[in-house]
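Analysis of the macromolecular model
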Amino acid sequence: MGASEGTREGWLRQAVYSSPFALRYPLPFRRHRAGLEFEFRSLYSHLEKMTDLVAVWEVALSDGVHKIEFEHGTTSGKRVVYVDGKEEIRKEWMFKLVGKETFTVGASKTKATINIDAVSGFAYEYTLEINGKSLKKYMENRSKTTNTWVLSLGGADYRVVLEKDTMDVWCNGQKMETAGEFVEDGTETHFSVGDHSCCIKAVSSGKRKEGIIHTLIVDDREIPETVE
């Protein structure tokens, strides 16, 4: 633990143990000291995370929108990566402050890399790559290969994603069982969400640049597409 971190922890510990409750009721305080120590350490850990949190990204994949958080201690070199609140990588001491960290995101284990680059002096830049592409470029490409719909059914929210290259359908993180059939003007992909009948219709736009148009129909009602 560095000097600055020890100073912060010592100040917080003194504040807790010098509280009016501790001074007035020493015996009950000693009984609860273990619990207070646990709460103190949780508070310190939370404050430390707030201090070192340098970047947050949201990545929309077929199985959901994932939140990636990155902590970087620019004095100790500490690196911590969280995906949807779960710790994926932790390195406490790193002599090299620049570099990269690679991990996976989502059910399909999509490759993600955080790049750490020095900008000037003690300033650093953090960029996220998904499958070897910048996040912006990846999302632009993804918008061409997937369709997304967000809807509410029976008071519950659903996010339906179609992967156009495989015709796989995802709903709230689950890959759906589907049945496809050819119809007069194109194809239909059928699946169910609870008691609701769903169908994705694919028809030709008649224009080369637009290609195939996919439409989601739920209980005979057309659902507008969502742009992520």
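Residues numbered from 1 in each chain as written. Predicted model: local features only at pLDDT ≥ 70, side-chain atom pairs only at ≥ 80, totals over all residues. Heavy atoms only, no water.

1. Quick notes on the sheet that holds strand β5 (residues 99-105)
In sheet architecture, strand pairing relies on hydrogen bonds along the backbone and comes in two forms, parallel and antiparallel. Ordered in space as β5-β6-β7-β8, the four strands form an open sheet in which the pairing is antiparallel. Strand pairing shows two members of the sheet lacking a second neighbour, β5 and β8 (133-134), which therefore form its edges. Both strand β6 (residues 110-120) and strand β7 (residues 123-130) contribute to a ladder of eight bridges, which runs antiparallel. Across the sheet, A112 pairs through a bridge with I130, a residue of β7. (Pairing = 2+ DSSP bridges. Helix = DSSP H or I, 4+ residues; strand = E, 2+ residues; numbered from the N terminus.)

2. Some words on the nonpolar core
Of all hydrophobic cores here, the largest spans 21 residues; its most connected members are W57, I68, V81, F103, I114 and L128. Elements supplying a minimum of two residues to this core: β1 (53-61), β2 (64-72), β3 (79-83), β5, β6, β7 and α5 (135-145). Those residues in contact with I114 that sit more than four places away from it in its chain are W57, I68, F70, V81, G99, K100, E101, F103, T127 and L128. Within the second largest apolar cluster, 14 residues are counted, among which are W149, L153, I200 and I223. (Core = buried A, V, L, I, M, F, W, Y, C linked by side-chain atoms within 4.5 Å. Buried < 20%, exposed > 50% of the residue type's maximum accessible area, 1.4 Å probe, protein only. Contact = heavy atoms within 4.5 Å.)

3. Quick word on the sheet that holds strand β13 (residues 179-183)
Taken in spatial order, the five strands line up as β13-β14-β15-β16-β17 in an open sheet, and their pairing is antiparallel. Single-partner strands in this sheet number two, and they are β13 and β17 (221-223). Neighbour-to-neighbour, the strand axes of the sheet open up by a mean angle of 30 degrees, direction not taken into account. Here β13 pairs with strand β14 (residues 186-193) via five bridges, running antiparallel. Paired with F182 across the bridge in β14 is T187. (Axes fitted to C-alpha atoms, helices over the stretch in contact; angles between N-to-C directions.)

4. Regarding the environment of S108
When you line up the elements, S108 lands in the loop between β5 and β6. Taking the C-alpha atoms as reference, S108 lies 8.7 Å from S62; in sequence the two are 46 residues apart.

5. Observations regarding the packing of aromatic side chains
This structure, assessed with the given rule, holds one aromatic pair. Considering the side-chain rings of F70 and Y126, the 5.7 Å spacing of their centres and the 65 degrees angle between planes classify their relative orientation as edge-to-face. On the criterion of sequence distance, the pair formed by F70 in strand β2 and Y126 in strand β7 is long-range, its members being 56 residues apart. A relative accessible area of 0% places F70 in the buried class. (Phe/Tyr/Trp six-rings, centres within 6.5 Å; stacked < 30°, edge-to-face > 60°.)

6. Side note on α5
Here α5 has its buried residues at L135, Y138 and R142. Relative to the axis of α5, the buried residues are bounded by an arc of 60 degrees and lie together on one face. Relative to its buried face, α5 has exposed residues pointing more than 90 degrees away, namely K136 and K144. Check the buried side of α5 and you find it contacts β1, β6, β7, β8, β9 (146-153) and β10 (156-163). (Arc of directions from axis to C-beta.)

7. Regarding the state of the cysteines
Each disulfide consists of a covalent bond between the sulfur atoms of two cysteine residues. Summed over all chains, the structure comprises zero disulfides. The thiol of C171 is unpaired, and the distance to the nearest cysteine sulfur, on C198, comes to 7.3 Å. Free cysteine C199: the closest other cysteine sulfur is in C198, separated by 8.9 Å. Here C199 falls in the buried class, since its relative accessible area comes to 10%. (Disulfide = S-S within 2.5 Å.)

8. A closer look at the side chain of H66
Here H66 shows up in strand β2. A polar contact is formed between the side chain of H66 and the side chain of D84, at a distance of 2.7 Å. Not counting the four nearest positions on each side in its chain, H66 is found in contact with W57, E58, V59, L61, D84, V105 and G106. (Polar contact = N/O pair within 3.5 Å; in protein donor to acceptor, adjacent residues only side chain to side chain.)

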